[in-house]
Amino acid sequence: MDEKKKQAYGIGNAILIVLLALTIGEFLLGNFADVWSIVWAPLIAIAVLKAFFVVRDFMHVRRLWTGDEEEHA
Amino acid sequence: MNEQKKGGFFSIGLVKGILGYVVGMVVGLALVTVLRMILGLPATTPWDPQAKTFFFVEGAWVAGALLGTIFFILSVGVASDWFKWMRGVETPSHPQDAFEHGAKRYLSASFDHKVIGVQYGFTSLVVFMLAGFFALIFRTELAAPGMQYLNLDQYNTMFTLHGIVMIVAILLGVGAISNYLVPLMIGANDMAFPRLNAFAFWINVPAAVTLLSSILLGGLETGWTGYPPLSQTSPSLGMSMFFWGVYFAGMSSILGSLNVITTTIRMRAKGMGYFRMPILVWTALATAMIGLTATQLIGLSFQMVSFERLFGMTFFHLEGNPILFQHLFWFYSHPAVYVFVLVGLGTISELLPVFARKPLFGYKWVALSAFGIALVGFLVWAHHMFTSGMESYLRVPFMYSTLLVAVPTGIKFFSWVGTLWGGKLSFETPSLFVLGAISIFLLGGLSGPPNGTVSTDLHLQDTYWIVGHFHATMFGGFVFPFFAALYYWFPKVSGRMYNEKLGKLHFFLMLPAFYVQSLGQMQVGLLGMRRRIADYDPALAPDIQLTQLLITIAAFVIGLSVLIAVVNFVVSAARGKVAVANPWRSRSPEFMLPSPIPVHNYGDHPFEVIGEPYDYGLAGSAYVSIDPERAPKREEPPAVSATAPAATD
Amino acid sequence: MSSVTTTLNEYRRREGTNRLGLWLFLISDTFVFAGMFVARFYLLGSGTRPEVSQELGLAITTLLLISSYFMYTAETAMAFGDTRKYYRSLMVTIALGTLFLIGVVAVEWPLAHYDGSVPTSIFFLMTGFHAFHVLTGIFFLVIVYRNSKKGLYTAERHWPVEAAAVYWHFVDVVWIFFYPALYLIGGVAG
């Protein structure tokens, strides 16, 4: 139980760090990479990556398939 | 909900709702007007219908319509459980017993999917007749060249409203079929979200009121598509009412779809795998998937034009781009065509084996073809825009994807022909309507490829040919199957039989009149008659004048036949012969229940699926098993006073 | 009748149905936001963007992401019966959400100088729709907070908490796409 709990909080911490790092990357890319014509591609890619993490880990999309049996704790 | 039991005129949900709408409208008008006074902006305009100003500014009218809609929902009582939940109060999960009984329950909020289904169906018929009435008004104008009795503004308003109100009627009809039948067919006792279901129905009423108020607020001039820049520059306040009315009707579509999908996925009876579901459930599911997603885009595009009008935003005019609107609009409005027809096509596949006493030909293919149509339907929208000035390289890909729709549709036709082949057909009214639907949908389908092909579409765009084509699609894909469904399930809903003679009269008036109307429209279109004009080139008159007259006469015959049908339904519901539980010898589970169906459908005795759904004529086969203890006991004929809609008059 | 008397199994089934309904709603909502996203690139291309404050954009984006983290922590704490941590995290989420809303509506909007041109129209349309969703999300969280105080949710049965969390994260996901679309991609016109 305690192990599981720690792990669950740990996922939150890890995802937060990843999200913030990616956001700072985005910000730098958007503000200082002086190539307007192609910079949209990596920016969108980063956004997709961030959204993927949020949907998978924060929103627990997997529960849609496993929800009926799963116990949360 | 308890106060509703007392009765009296003001306890009727519909009356409370309308009063709420009026109050909300007044509050909205006052709010914006006072706010503008405080901010020192011009708060009122002169009352001058000629110049299309109506004392209050446009923003005030829109705020009135929005608040009116919200107040309607609050006073009709469908949201009260949600507010209890917000305060942490529990409510019973399926409280059908708390609602009105008898005919009055159809006029008040109820969470029973069967009541809601009937409410949808009834509203659909009312709105359908209204839209037909608009058609008769401007059709009479077109009967002879020159302007007869309408002015141009009135003409524009009438054909626009005919289009959009028809669409609302069709959406309501689709809602009627899927709400009433999907839970019964999959063995559920109600929809997954009964409150949401009631909300999704009742929001249609203020939506319709808002939409129709555009007649009084300056009319409409754009056609049902509401293309900017005209819809943005039009001085008429009716435009804004049109946008928000359609927006709320679309909200109903979205929430209803959400409910149908969840119900189908989560609440099927034991043994009912996806490939043992009735075809109608498959088509309802495919329809709901379109409705859930695509509808948002018409909502967005209409809101954007409304914001242009209200806040001076720029999306589609000046340095904006009107083509963007058309992309957003058709991304919904083309798939919407499949929303209109898929459930109808499902009804055909559902009824044909019953009347041919043969298994449905190619069940799996038919089931998947509904999804095929829905998926391909998402990729074809720009075929409405071949002449719009969009990027020309988009034309050919969209032409091919459009023609691809013929493949899944063709599968359905093969299945119907294969089912009919060697069948022992009987010709009761629903059977006739199904056969009529097939013949008409064939006409609609065959007149499609010329519009889908770029080279020919350049000539056909915006002519009456197109009008003929989509009337054929709508009559074959929705109107005829819808009437087939109404006649077919009428005994199940009301417990009484409709009048067969009047039903046949309805059919034999409507079918030829339809052919005259639709083929006539195609003919005048090919001869050069443009759509959406109040008067035509005098040079055309010798060629098309007679056909125009015939179309008008046909339109009146169709109107008459629908009137006969409605009279038939109302009178039969009150005085018809008491129906047996299964008049069509159907295998479908809802016919194993007594008519009318009890409040909690199958109650604590759900059925189990033990065979294939359409094995008609195969000895010893069964689709479902209903608890034998219960089934015979409930086969007794229904009590006379039971729950027929008009039984109390 | 009420959920108090239902078994845990029934509750799980009901929860599964509700979950599917919520996700379908989010899919539907995604189409609105996707429509605006496409409209932004259709009208402005990838070469221009609205005139906005970069520092503020980064700040509010960070706020919203952190609020999502606290929402996750709150839901996890509820699932493990960590009541104090749950209330604390939920409070922080609400506070950060409110700060985000103030940042957009009260600070960014006056700075953006609405003039009815295409870039500002797009900016106000997209941030307006999103802010409306943030606002409803905050309402949702406050209701959940109040009902938790009434003791309605337990470690086993707390669907409303999960629903509010999923909705809140969804609003975050929308912003994850809107942030580059409005703030980063393209240069300011003129």
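Residues numbered from 1 in each chain as written. Chains lettered and ligands numbered in written order. Predicted model: local features only at pLDDT ≥ 70, side-chain atom pairs only at ≥ 80, totals over all residues. Heavy atoms only, no water.

## Some points on the overall build of chain B
Tallying secondary structure elements over chain B gives 20 helices and 4 strands in all. For 649 residues, the compact-globule estimate of 2.2 N^0.38 gives 26 Å, and the C-alpha radius of gyration of chain B, at 25 Å, lies within 12% of that figure. Summarising its shape, the C-alpha atoms of chain B cover approximately 75 × 60 × 45 Å along the three principal directions. Looking at chain B as a whole, 62% of its 649 residues are labelled buried. Long-range pairs, those at least 24 residues apart, make up 81% of the contacts in chain B between residues at least 6 apart in sequence. With an accessible surface of roughly 24,100 Å², chain B has 71% of that area assigned to carbon and sulfur atoms. Here chain B holds 37 positive side-chain charges and 33 negative ones, and the gap between their average locations is 7 Å. (Helix = DSSP H or I, 4+ residues; strand = E, 2+ residues; numbered from the N terminus. Rg over C-alpha atoms; globule rule 2.2 N^0.38 Å. Buried < 20%, exposed > 50% of the residue type's maximum accessible area, 1.4 Å probe, protein only. Contact = heavy atoms within 4.5 Å. Areas by Shrake-Rupley, 256 points an atom, 1.4 Å probe, with all protein chains shown as cover. Lys, Arg positive; Asp, Glu negative; His and termini not counted. Charge placed at Lys NZ, Arg CZ, Asp CG, Glu CD.)

## Quick look at the packing of helix α1 (residues 8-44) of chain C against helix α5 (residues 159-184) of chain C
Residue and element names in this part refer to chain C. Direction vectors running N to C along α1 and α5 enclose 15 degrees, while the axes themselves pass 11 Å from each other. The pairing of α1 with α5 is recorded here as roughly parallel in orientation. The hand of the α1/α5 crossing is right-handed. Here the residues of the contact of α1 with α5 are counted per class, giving 20 nonpolar, 2 polar and 5 charged. (Axes fitted to C-alpha atoms, helices over the stretch in contact; angles between N-to-C directions. Parallel < 35°, antiparallel > 145°, perpendicular 65-115°, else oblique. Left-handed = near helix turned anticlockwise from the far one by under 90°. Nonpolar A, V, L, I, M, F, W, Y, C, P; charged D, E, K, R; others polar.)

## Some details on the packing of aromatic side chains
Scanning all chains against the criterion turns up 72 aromatic pairs over all chains. For the cation-ring pair, lysine 364 of chain B lies above phenylalanine 275 of chain B, with the distance from its terminal atom to the ring centre recorded as 5.0 Å. The side chain of lysine 85 of chain C reaches across the aromatic face of tyrosine 9 of chain A, ending 3.9 Å from its centre. (Phe/Tyr/Trp six-rings, centres within 6.5 Å; stacked < 30°, edge-to-face > 60°. Lys NZ or Arg CZ within 6 Å of the ring centre and 35° of its normal.)

## Considerations on the environment of glycine 97 of chain C
Residues and elements named next belong to chain C. Tracing the chain through its elements places glycine 97 in helix α3 (residues 83-111). Note: C-alpha distance between glycine 97 and leucine 44 (53 residues apart in sequence) is 29 Å. When neighbours within four sequence positions are excluded, glycine 97 is seen to be in contact with Ser67, Val134, Ile138 and Trp168.

## So, the interface of chain C and chain A
Facing 42 residues of chain C, the contacting portion of chain A comprises 39 residues. Per-residue buried area on chain C facing chain A is highest for Trp23, Tyr72 and Phe80 of chain C; these three make up 20% of the total on that side. Counting across the interface, chain C meets chain A through 3 salt bridges. Between arginine 63 of chain A and glutamate 75 of chain C there is a salt bridge, with the nearest N and O atoms lying 3.0 Å from each other. (Buried area = accessible area lost by both parts, 1.4 Å probe. Salt bridge = Lys/Arg side-chain N within 4 Å of Asp/Glu carboxyl O.)

## Concerning the environment of glycine 146 of chain B
Assignment of secondary structure puts glycine 146 of chain B in the loop between α4 (113-142) and α5 (152-186). C-alpha separation for the pair glycine 146 of chain B and threonine 210 of chain B, spaced 64 residues apart in sequence, amounts to 32 Å.

## Considerations on the pairing of strand β1 (residues 44-48) of chain B
Residues and elements named next belong to chain B. As judged from the 3 bridges shared by β1 and strand β2 (residues 53-56), these two strands associate in the antiparallel manner. Of the residues in β2, the one forming a bridge with aspartate 48 is threonine 53. Between β1 and β2, which pair antiparallel and follow one another directly, the connecting turn spans 4 residues, one of which, lysine 52, has a positive phi of 60 degrees. (Pairing = 2+ DSSP bridges.)

## Description of the pattern of salt bridges
Residues and elements named next belong to chain B. A complete count under the given rule lists 16 salt bridges over all chains for this structure. With a shortest N-O distance of 3.0 Å, lysine 52 and aspartate 153 are connected by a salt bridge. Of this pair, lysine 52 sits in the loop between β1 and β2 while aspartate 153 is found in helix α5, placing the two residues 101 residues apart along the sequence. As a salt-bridge pair, aspartate 112 and lysine 114 come within 3.3 Å of each other at their nearest N and O atoms.

## Points about helix α2 (residues 54-79) of chain C
Helix length check: α2 of chain C, at 26 residues, gives a terminal C-alpha distance of 38 Å against a target of 38 Å (1.5 Å per residue), a fit within 8%. Judged by how many residues are buried, α2 of chain C sits mostly within the fold: 19 of 26 residues are covered. (Expected span 1.5 Å × (residues − 1).)

## Some details on the confidence of the model for chain B
All names here are of chain B. The predicted model of chain B has a mean per-residue pLDDT of 89, with 94% of residues at 70 or higher. Throughout residues 1-5 the model reports pLDDT below 50, and contacts reaching past four residues in sequence, or to other chains, amount to 11 contacts. Contacts of residues 629-649 to residues separated by more than four positions or lying in other chains number 33 contacts, the stretch itself having pLDDT below 50. (pLDDT = per-residue confidence, 0-100.)

## Quick notes on the confidence of the model for chain A
Taken over all residues, the pLDDT of chain A has a mean of 85, while the share at 70 or more is 84%. Of all helices and strands in chain A, the one with the weakest mean pLDDT is helix α3 (residues 63-66) of chain A (86), whereas helix α2 (residues 40-58) of chain A scores best (93).

## Some thoughts on the side chain of aspartate 172 of chain C
With respect to the element layout, aspartate 172 of chain C can be found in helix α5. There is no salt bridge for the buried aspartate 172 of chain C, and the closest opposite charge comes from lysine 50 of chain A, which lies 7.5 Å off by N-O distance. Here the side chain of aspartate 172 of chain C touches serine 68 of chain C through a polar contact of 2.9 Å, side chain to side chain. Filtering out sequence-adjacent residues up to four positions away, aspartate 172 of chain C remains in contact with Val54 of chain A together with Leu64, Leu65 and Ser68 of chain C. (Polar contact = N/O pair within 3.5 Å; in protein donor to acceptor, adjacent residues only side chain to side chain.)

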